[in-house]
Amino acid sequence: GNTILTLDKGQTLDLGGKTLTQSGQNRGIILKNGASIKNGVINHSGIIAAVRAWNVESIENVTINLETPASGTVTGIAVQQYSNVGTIKNVTVTGAGVTQAIEVPYQATVDLIEDVTVGNSTAANGVALVINGGKVRKAKNCTFKGNAYGVTMHLKGVFNVGLELENCVVEGTTASIYAWDEKGISNTSGSLVLTYDAATTLTGPFVWDFEDECESVVTLNKPQ
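Here goes a summary of the coordinates provided. Computed from a predicted model, the values in this text were never measured in an experiment.

## With respect to the pattern of salt bridges
Across all of its chains, the model carries five salt bridges by this definition. With a shortest N-O distance of 3.7 Å, Lys138 and Glu164 are connected by a salt bridge. With a gap of 26 residues between them, Lys138 in strand β14 (residues 135-140) and Glu164 in strand β17 (residues 161-166) connect regions that are remote in the sequence. A relative accessible area of 30% means that Glu164 is categorised as partly exposed.

Laid out in structure tokens, this is it:
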């Protein structure tokens, strides 16, 4: 399970339009401390994630193809806990193996996701955007199409979870957006805020799944 490539301390990898293929049980690319990757294709048939991001400046002009893994789940871009990612722009995540295309975990923040397309997953639990206790300040001009859910929002602990959508299409076969809290965890007292503009299209229902013992606050705001 070796990591195929690590970029650190502001390093930028410009693929120059070329394709980087990761095979076997490789764990993919690690980006740390202001590193960036751009301009190419990443084929990932390994495990865990094609790109793991710790405090990354940008991931731009990249297509990520995920093949069906031998076992486990595969993520296109996995932001790491407590990290911040500046921009994910002009990115396509596709392929049969998309379990979750982009994951924003506990107390992580992505400032901007722009011109991102996610789709074509055949994974049974395929989700385009997973917000697992984190925040996405804005997603603009994006298509989030999951085989199960377009977006899941998981309120976890006491951290506020947020997503603002501008001119996006969100589609899932089960629900466009599925929002839930940590069942049985009595200190889930943060708020879950979803804001979307009139140009955003949500295909399929919302599913709000909250336990009574949790002090979860849901704000759904569609400006006129």
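There is more to say after this.
## Observations concerning the sheet that holds strand β22 (residues 206-209)
Taken in spatial order, the nine strands line up as β1-β4-β6-β8-β10-β13-β16-β19-β22 in an open sheet, and their pairing is parallel. Only two strands of the sheet have a single neighbouring strand rather than two, namely β1 (5-7) and β22. The average undirected angle you get between the axes of adjacent strands in this sheet is 10°. Where strand β19 (residues 175-181) lies against β22, four bridges are found, and the strand directions are parallel. Bridge assignment links Ala179 to a residue of β22, and that residue is Trp208.

Calculation criteria
- Residues numbered from 1 in each chain as written.
- Predicted model: local features only at pLDDT ≥ 70, side-chain atom pairs only at ≥ 80, totals over all residues.
- Heavy atoms only, no water.
- Salt bridge = Lys/Arg side-chain N within 4 Å of Asp/Glu carboxyl O.
- Helix = DSSP H or I, 4+ residues; strand = E, 2+ residues; numbered from the N terminus.
- Buried < 20%, exposed > 50% of the residue type's maximum accessible area, 1.4 Å probe, protein only.
- Pairing = 2+ DSSP bridges.
- Axes fitted to C-alpha atoms, helices over the stretch in contact; angles between N-to-C directions.

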